[in-house]
Amino acid sequence: MSSNVLDIENLLSENAFFAGADSADVSRAAQMMQIQRFPPGQVIFHFGDTNDDVYFLLSGSVIGQLVAESGREIVFTEMRMATFFGEMAALDGQPRSVTVSAKEDVVVARLKGAQFNALMERQPRLAVNLAVELARRVRVMNERMFGLVVHDVGTRVRLHLMRLAQEQGKLVDGAILDSVPTHEEIATFIGANREAVSRAITRLNKSGLVEASRKSILIKDCDGLLDGLEIAES
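Residues numbered from 1 in each chain as written. Predicted model: local features only at pLDDT ≥ 70, side-chain atom pairs only at ≥ 80, totals over all residues. Heavy atoms only, no water.

Draft legend 1. Structural context of the overall build of the chain. Helices and strands together make up the secondary structure of the chain, namely 9 helices and 11 strands. Pairs at least 24 apart in sequence give 70% of the contacts found in the chain among residues at least 6 apart. Here the chain displays about 12800 Å² of accessible surface, and carbon together with sulfur accounts for 52% of that area. (Helix = DSSP H or I, 4+ residues; strand = E, 2+ residues; numbered from the N terminus. Contact = heavy atoms within 4.5 Å. Areas by Shrake-Rupley, 256 points an atom, 1.4 Å probe, with all protein chains shown as cover.)

Draft legend 2. Spatial organisation of the sheet that holds strand β10 (residues 210-212). Spatial strand order, β9-β11-β10: 3 strands in an open sheet with antiparallel pairing. Two strands lie at the open edges of the sheet, namely β9 (176-178) and β10, each paired on one side alone. Between one strand and the next, the sheet's axes are offset by a mean angle of 20 degrees, whatever the strand orientation. In terms of strand pairing, β9 meets strand β11 (residues 216-219) through 3 bridges, oriented antiparallel. (Pairing = 2+ DSSP bridges. Axes fitted to C-alpha atoms, helices over the stretch in contact; angles between N-to-C directions.)

Draft legend 3. Up close: the pairing of strand β8 (residues 106-111). Of all 6 residues in β8, 5 are buried, a share of seventy percent or more. Of the pairings in the sheet, the one linking strand β1 (residues 34-38) to β8 comprises 5 bridges and is antiparallel in character. Across the sheet, I35 pairs through a bridge with A109, a residue of β8. Of the strand pairs in this sheet, strand β3 (residues 54-59) and β8 are connected by 5 bridges, and their pairing is antiparallel. Each residue of the ladder has a partner; that of L57, found in β8, is V108. (Buried < 20%, exposed > 50% of the residue type's maximum accessible area, 1.4 Å probe, protein only.)

Draft legend 4. Region of the structure containing the sheet that holds β3. One open sheet accounts for 4 strands, arranged β1-β8-β3-β6; its pairing is antiparallel. The outermost strands of the open sheet, each flanked by one partner alone, are β1 and β6 (84-85).

Draft legend 5. Region of interest: the packing of helix α6 (residues 153-167) against helix α8 (residues 194-206). It is at 9 Å that the axes of α6 and α8 come closest, and there the two elements cross at 70 degrees. Classified by the interaxial angle, the pair formed by α6 and α8 is roughly perpendicular. Where α6 approaches α8, its residues V153, G154, V157, R158 and L161 are matched on the opposing element by A196, V197, A200, I201 and L204. When grouped by side-chain class, the residues that make up the contact of α6 with α8 number 8 nonpolar, 1 polar and 1 charged. (Parallel < 35°, antiparallel > 145°, perpendicular 65-115°, else oblique. Nonpolar A, V, L, I, M, F, W, Y, C, P; charged D, E, K, R; others polar.)

Draft legend 6. Here's a closer look at the packing of aromatic side chains. If you walk through the whole model with that rule in mind, you get 10 aromatic pairs. Seen from their ring centres, F45 and Y55 are 5.7 Å apart, and the 40 degrees between their planes marks the pair as tilted. Here Y55 lies in strand β3 and F45 lies in strand β2 (residues 43-45), a separation of 10 residues in the sequence. Here F45 and Y55 have matching classes, each one buried. Taken together, F17, F18, F56, F84 and F116 form an aromatic cluster joined through their ring pairs. Sitting over the ring of F84, R137 keeps its end group 5.1 Å from the ring centre. (Phe/Tyr/Trp six-rings, centres within 6.5 Å; stacked < 30°, edge-to-face > 60°. Lys NZ or Arg CZ within 6 Å of the ring centre and 35° of its normal.)

Draft legend 7. Layout of the side chain of D53. Among the secondary structure elements, D53 is positioned in the loop between β2 and β3. Judged by relative accessible area, D53 falls into the buried class, the value being 3%. Among the polar contacts listed, one links the side chain of D53 to the side chain of R110, at a separation of 2.5 Å. (Polar contact = N/O pair within 3.5 Å; in protein donor to acceptor, adjacent residues only side chain to side chain.)

As structure tokens, then:
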């Protein structure tokens, strides 16, 4: 390990997998890990790859995606620092089910699948953390699948903008969302095409609910955006 091992241990202690773990367990894990950096757009692993390493996000964010037979990318999930990914292959020994790439500059701590499983055998707290995180992901996926079935594109766009605002702590009138995704990125996330998303955002602009540009979105009428939206509690 490099000289910044203590910094790595501090970052790992904030990761969902190590919540409540003893510092000694975090330290042992850090000693086994390989630190890697990925620039924006670089693939970390591909769909169908047979390696079983688990990755802990120390900084940046990644996108997991599937590619349909038509060649159209379908965003599966986005993950940010303090979480982990790649655990499915470590658990069941099967090939990768998605392609994961860096959305921005990313630093990960990489752990062999066998070492990941051994950590959980030694410390049951880690296995509980894994189960909790997997349950959270299933809830998110269920909500997204429900939205694809019952909501039209315009409603899905509004829901997505509301989630972005909430994540940035800006769910109020007059708030400006920064680092907003492109229309294409929104489309792939909500299961629509770019043209339909562009039309939906144009309608929101004309109705005075938002003021959208290429790089930012101004929330002008939060209540108006929420009007008629039904979001089930988890």
